[in-house]
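Next come the chains, spelled out residue by residue.
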Protein chains: 2
Amino acid sequence: MAVEHAHATPRAQTGVDTSRLPTDRVVFGPDRPLRLDSGAELPGFTVAYRTYGTLNATKSNAILVCHALTGDQYVAETHPVTGKRGWWDLVVGPGLVLDTDKYFVICPNVIGGCMGTTGPMEINPATGEPYGLSFPVITIGDMVRAQAMLLDELGIETLFAVVGGSMGGMQVLEWAVSYPERVFAAVPIATAPHHSAQNIAFNEVGRQAIMADPDWRGGAYQRHGVRPRGGLAVARMAAHITYLSEAALQRKFGRRLQDREAITYGFEADFQVESYLRHQGITFVERFDANSYLYITRAIDYFDLSTRNGGVLAEVFRGTKVRFCVISFSSDWLYPTSESRLIVQALNGAAANVSFAEIQSDKGHDAFLLDEPAFLKVFGGFLTGAGWHRGLEG
Amino acid sequence: MAVEHAHATPRAQTGVDTSRLPTDRVVFGPDRPLRLDSGAELPGFTVAYRTYGTLNATKSNAILVCHALTGDQYVAETHPVTGKRGWWDLVVGPGLVLDTDKYFVICPNVIGGCMGTTGPMEINPATGEPYGLSFPVITIGDMVRAQAMLLDELGIETLFAVVGGSMGGMQVLEWAVSYPERVFAAVPIATAPHHSAQNIAFNEVGRQAIMADPDWRGGAYQRHGVRPRGGLAVARMAAHITYLSEAALQRKFGRRLQDREAITYGFEADFQVESYLRHQGITFVERFDANSYLYITRAIDYFDLSTRNGGVLAEVFRGTKVRFCVISFSSDWLYPTSESRLIVQALNGAAANVSFAEIQSDKGHDAFLLDEPAFLKVFGGFLTGAGWHRGLEG
């Protein structure tokens, strides 16, 4: 328990000073290392998290929320860095789908992240310097293993539900496969059983954009008091396009001009969509660490449930008692419905308890973060039904 | 006719030395400026081009091939920089769709390009320095106006056909609208009547990647003897993803590893798709100019046929005698079939002579460059039919 973030040197504080974040933390000492899929170990690490609601006496009402690539633990409260609303405050709160009057909601920042959980921007206790690229490459499995250790620490043996979208959905699947006895219900949303070639390609563009920025300094930018702002902004811009559908971009922006009557015959942001995208890039850089972006995208690339058990996806779910609700969105081209169907088919092949809904929406991948009534109805209905079986209702 | 590329200074030769390219050229002197849509003028300019086949006595067999964003005039011969095959040698040649035993095929490098036609890397005669960002922003209309001046110079009043894919298809549409009396038949392939919000967004990511590279030097990299290689490679990588379909990427690469048995838990190119994409970026930088990339993508963004004539697309084609063949590919998500249908609907609304084919292919946007038998059959059949009407057949 010796490692504390208060040791962060001023040189490390070119991004967010995580030692000052309002967050709960569990600090694991060298006696409780995190064993990684790569074979490496993190000899001491911190998991930063937030909770909402109250754990009941039988500890049967805990729901784990798993965040996406650029998400964090600030699910249902003002973000301490950006000042914006919690990223899922439409879903988590009193009377909402994840009803904090009924459930105890826990959301940890993932291993490799940059909001207080140990990641490449934090201090390596062995050197007293930020990890940078000496941080070991992590996987979705490693993220989940750290979450399981957090739950042990909180005294929670079994989760009523584990839920999440996008990379969060991959963690949900990983939980159901690696810790089936600790999960009652699982809701993987807008996700896939493995990362597709096209998505690996988009991630690689983002990484190359970061690494091409001279201020990346081979990953050691903190030591030099700089940050690869331009590269990280470009990475975010490229990724952001994949989060929206063409229809959503057309409806939101079309070819409308930004605060001008006519095109300027120049390289300023003539079009609203350009202005929007630049804004996405610039604001992202203020809250996210470039090396975290490299590590987390790599974890996503590496995700492939079907490589276990001889490459047959159904086999990884064989005998599972977890109740699943798989949800996709019709206009999501990052994780299209066809990839959710692979999960459903595998669960059917394993005779698992699964319901599936494709939500009609033209908002693309980001629909899972938005006010989509049909989505919220399916999601909430499933949890209520599962709650009856778990004895949480009525 | 005073401006010659032999004046290019060594400082300008950080990219391709265009003065040594094996190409035909027409040099327009200050007496014949290029009037631009922006209101600016190019007071002297060069159009580099290549021809294949022989112009007949009545000059009725000329076909203009318009190239795409990163194409050039080397349609059907070994590329002088890359040593690769001509980009459309499946289409242009003896006995092929653009049969050089029958037709006289002309392909100019576009204004703003970097293979000998005047663009931002060429010397500004007013300063003796490379244009860089002092080059005026150009449009698809400007590209076509320069081509019309080239044809005047070659003594070709009327084109039997103007053909091209992607940005080449935009030039085809522009030709049909701006010079309908000079075009007998038009074949816009895998294109759109305007650039969509999503496509503007992808172009903007590419531009931001270039501009974020410190070696871009505000566009004056030639003066400093450097080039924004990293930024341009990232721009190419992001764009390249949009040229392929998800199915094509899955079939070509899937999640297969590159020369290794297992993932390495690192940031090397573990996956074949990463290796492929990096290769695309690296090789592109050897043959293309970063500022040209900025200018040409901007011309594409600005393309919107429907802004003329009060925003009604059918009106721009009103009374046209041009025979159209519009071709799209089912898996093209850069210029999806729905956008070709807008062209067809407008042509129908104008009671124009139009045939339309959506080619079933899973190869994405790049299908127009590949050996797609159904595409070549439709394309060739249309030209043969038009040739009968033009008196070129039988």
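Residues numbered from 1 in each chain as written. Chains lettered and ligands numbered in written order. Predicted model: local features only at pLDDT ≥ 70, side-chain atom pairs only at ≥ 80, totals over all residues.

## A closer look at the overall build of chain A
When helices and strands are counted, chain A shows 10 helices and 14 strands. Compactness check: chain A gives a C-alpha radius of gyration of 21 Å against a globular reference of 21 Å for 394 residues, within 12% of the reference. Each of the three principal axes of chain A carries a C-alpha extent, and together these read 60 × 55 × 45 Å. Buried positions account for 56% of the 394 residues belonging to chain A. Sequence separation of 24 or more characterises 71% of the internal contacts of chain A that already satisfy a separation of 6 or more. (Helix = DSSP H or I, 4+ residues; strand = E, 2+ residues; numbered from the N terminus. Rg over C-alpha atoms; globule rule 2.2 N^0.38 Å. Buried ≥ 20, exposed ≤ 12 C-beta atoms within 10 Å, placed from the backbone. Contact = placed C-beta atoms within 7 Å.)

## Some details on the domain arrangement of chain A
Residues and elements named next belong to chain A. For chain A, the assigned domains are domain 1 (5-196 + 304-390) and domain 2 (199-298). Computed over C-alpha atoms, the centres of domain 1 and domain 2 are 25 Å apart. In this complex, domain 1 contributes 33 residues to the contact, which on the side of domain 2 involves 26 residues. Its residues assigned to classes, the side of domain 1 that touches domain 2 shows 15 nonpolar, 13 polar and 5 charged. (Domains from an automatic or database assignment. Nonpolar A, V, L, I, M, F, W, Y, C, P; charged D, E, K, R; others polar.)

## Let's talk about the relation of the copies chain B and chain A
For the match of chain B to chain A, the screw axis carries a shift of 0.0 Å, the RMSD comes to 0.0 Å, and the turn is 180°. In short, the pair behaves as if placed about a two-fold rotation axis. Most of the interface of chain B is mirrored in chain A, where 100% of its interface residues are also at the interface. (Least-squares fit on C-alpha atoms with pLDDT ≥ 70 in both.)

## Focus: the pairing of strand S5 (residues 62-66) of chain A
All names here are of chain A. Most of S5 sits inside the fold, with 5 of its 5 residues counted as buried. A two-sided burial pattern is seen for S5, the buried positions comprising Ala62, Leu64 and Cys66 on one face and Ile63 and Val65 on the other. The sheet contact formed by S5 and strand S8 (residues 104-108) spans 3 bridges and is parallel. By the bridge assignment, Leu64 is partnered in S8 with Ile106. Summarising the sheet, S5 and strand S11 (residues 159-165) pair through 4 bridges and their orientation is parallel. Looking at S11, one finds that Ile63 is bridged to Ala161. (Pairing = 2+ DSSP bridges.)

## Quick notes on the environment of Arg251 of chain B
Its location among the elements puts Arg251 of chain B in helix H5 (residues 246-252). With 111 residues separating them along the chain, Arg251 of chain B and Asp362 of chain B place their C-alpha atoms 9.6 Å apart.

## What to know about the environment of Gly225 of chain B
All names here are of chain B. Relative to the helices and strands, Gly225 is located in the loop between helix H3 (197-211) and helix H4 (229-243). A tally of 12 C-beta atoms within 10 Å means that Gly225 is categorised as exposed. Considering only alpha carbons, one finds Gly225 and Leu347, 122 residues apart in sequence, at a separation of 49 Å.

## Concerning the packing of helix H1 (residues 140-154) of chain B against helix H2 (residues 167-178) of chain B
All names here are of chain B. Remark: H1 packs on H2, axes separated minimally by 9 Å, with the N-to-C direction vectors making an angle of 70°. The orientation of H1 with respect to H2, classified from their angle, is roughly perpendicular. Note that H1 runs across H2; the crossing there is right-handed. Contacts between H1 and H2 involve Ile140, Gly141, Met143 and Val144 on the former and, on the latter, Met170, Gln171, Glu174, Trp175 and Ser178. Its residues placed into classes, the contact of H1 with H2 shows 5 nonpolar, 3 polar and 1 charged. (Axes fitted to C-alpha atoms, helices over the stretch in contact; angles between N-to-C directions. Parallel < 35°, antiparallel > 145°, perpendicular 65-115°, else oblique. Left-handed = near helix turned anticlockwise from the far one by under 90°.)

## Some words on the sheet that holds strand S1 (residues 24-28) of chain B
All names here are of chain B. Pairing is mixed across the open sheet formed by 8 strands, whose spatial order is S1-S4-S8-S5-S11-S12-S13-S14. The sheet terminates laterally at S1 and strand S14 (353-359), the two strands that pair on one side only. Ignoring which end each strand starts from, the neighbouring axes of this sheet average 20° apart. Across 3 bridges, the pairing between strand S12 (residues 183-189) and strand S13 (residues 323-329) is parallel.

## Notes on the interface of chain B and chain A
How big an interface is tends to be expressed through the accessible area that disappears when the partners come together. On the chain A side, the residues contacting the 42 residues of chain B number 42 residues. Among the elements of the structure, H3, H4, H5, helix H6 (272-287) and helix H7 (290-302) of chain B are those that each provide at least two residues to the side of chain B that touches chain A. The dominant element in the side of chain B that touches chain A, judged by the number of residues it contributes, is H3 of chain B, at 10 residues. In terms of residue class, the side of chain B that touches chain A is built from 23 nonpolar, 10 polar and 9 charged.

## Overview of the sheet that holds S5 of chain A
Residue and element names in this part refer to chain A. Spatially, 8 strands are ordered S1-S4-S8-S5-S11-S12-S13-S14 in an open sheet, and the strand pairing comes out mixed. Two strands close off the open sheet at either side, each with one partner strand: strand S1 (24-28) and strand S14 (353-359). Sheet twist, expressed as the mean angle between neighbouring strand axes with direction ignored, is 20°. Pairing of S1 with strand S4 (residues 45-52), which is carried by 5 bridges, proceeds in the antiparallel orientation. If you follow Asp24 over to S4, its bridge partner there is Tyr49. Strand contacts of helix H9 (residues 337-349): strand S12 (183-189), strand S13 (323-329) and S14, with the helix running at about 160° to S13, the strand carrying the most contacts.

## Re the pairing of S14 of chain A
Here is the key point about a regular strand: its side chains alternate between the two faces of the sheet. Residues and elements named next belong to chain A. The pairing of S13 with S14 spans 7 bridges and is classified as parallel. Residue pairing in the sheet places Ser328 in a bridge with Glu358 of S14. Considered for its hand, the β-α-β crossover made up of S13, H9 and S14 is right-handed. (Right-handed = clockwise from strand over helix to strand, strands pointing away.)

## Some thoughts on the confidence of the model for chain A
Residue and element names in this part refer to chain A. Residue-level pLDDT values for chain A average 94, and 96% of them are 70 or greater. Low pLDDT, under 50, characterises residues 1-14; the predicted model gives this stretch 30 contacts beyond four residues in sequence or across chains. For this predicted complex, the interface score ipTM comes out at 0.93, alongside a pTM of 0.94. (pLDDT = per-residue confidence, 0-100.)

## Description of the packing of helix H4 (residues 229-243) of chain A against H3 of chain B
One way to put it is that H4 of chain A packs onto H3 of chain B with a least axis distance of 9 Å and a crossing angle of 165°. As judged from the angle between their axes, H4 of chain A and H3 of chain B are roughly antiparallel. Judged by the sense of rotation from one axis to the other, the crossing of H4 of chain A with H3 of chain B is left-handed. Across the interface between the two elements, Val234, Met237, Ala238 and Ile241 of chain A from H4 of chain A touch Gln198, Ala201, Phe202, Val205, Gln208 and Ala209 of chain B from H3 of chain B.

## Examining unusual backbone geometry
All names here are of chain A. Although it is not a glycine, Lys59 sits at a positive phi angle of roughly 55°. Assignment of secondary structure puts Lys59 in the loop between S4 and S5. Positive phi is not limited to glycine here, since Asp259 has a value of about 50°. The class of Asp259 is exposed, set by 8 C-beta atoms lying within 10 Å.

## Considerations on the nonpolar core
Membership of the largest hydrophobic core comes to 264 residues, with the highest contact counts inside it found for Ala161 of chain A together with Ile63 and Ala161 of chain B. Non-local contacts of Ala161 of chain B, meaning those with residues more than four positions away in its chain, are made with Ile63, Phe184, Ala185, Ala186, Val187, Leu383 and Ala386 of chain B. (Core = buried A, V, L, I, M, F, W, Y, C linked by C-beta atoms within 7 Å.)

## Quick look at helix H3 (residues 197-211) of chain A
Its 15 residues place the ends of H3 of chain A 21 Å apart at the C-alpha level, agreeing with the 21 Å of an ideal helix rising 1.5 Å per residue. In terms of burial, H3 of chain A is a largely internal element, 14 of the 15 residues being buried. (Expected span 1.5 Å × (residues − 1).)

## Here's the deal with the environment of Val205 of chain B
Examined against the element boundaries, Val205 of chain B turns out to sit in helix H3. Through-space distance from the C-alpha of Val205 of chain B to that of Ala239 of chain B is 8.9 Å; in sequence the pair is 34 residues apart.

## Section: H9 of chain A
Residues and elements named next belong to chain A. Helix length check: H9, at 13 residues, gives a terminal C-alpha distance of 18 Å against a target of 18 Å (1.5 Å per residue), a fit within 8%. For H9, the set of buried residues is Thr337, Ser340, Ile343, Ala346 and Leu347. In this structure, the buried side of H9 is in contact with helix H2 (167-178), S12, helix H8 (313-316), S13 and S14.

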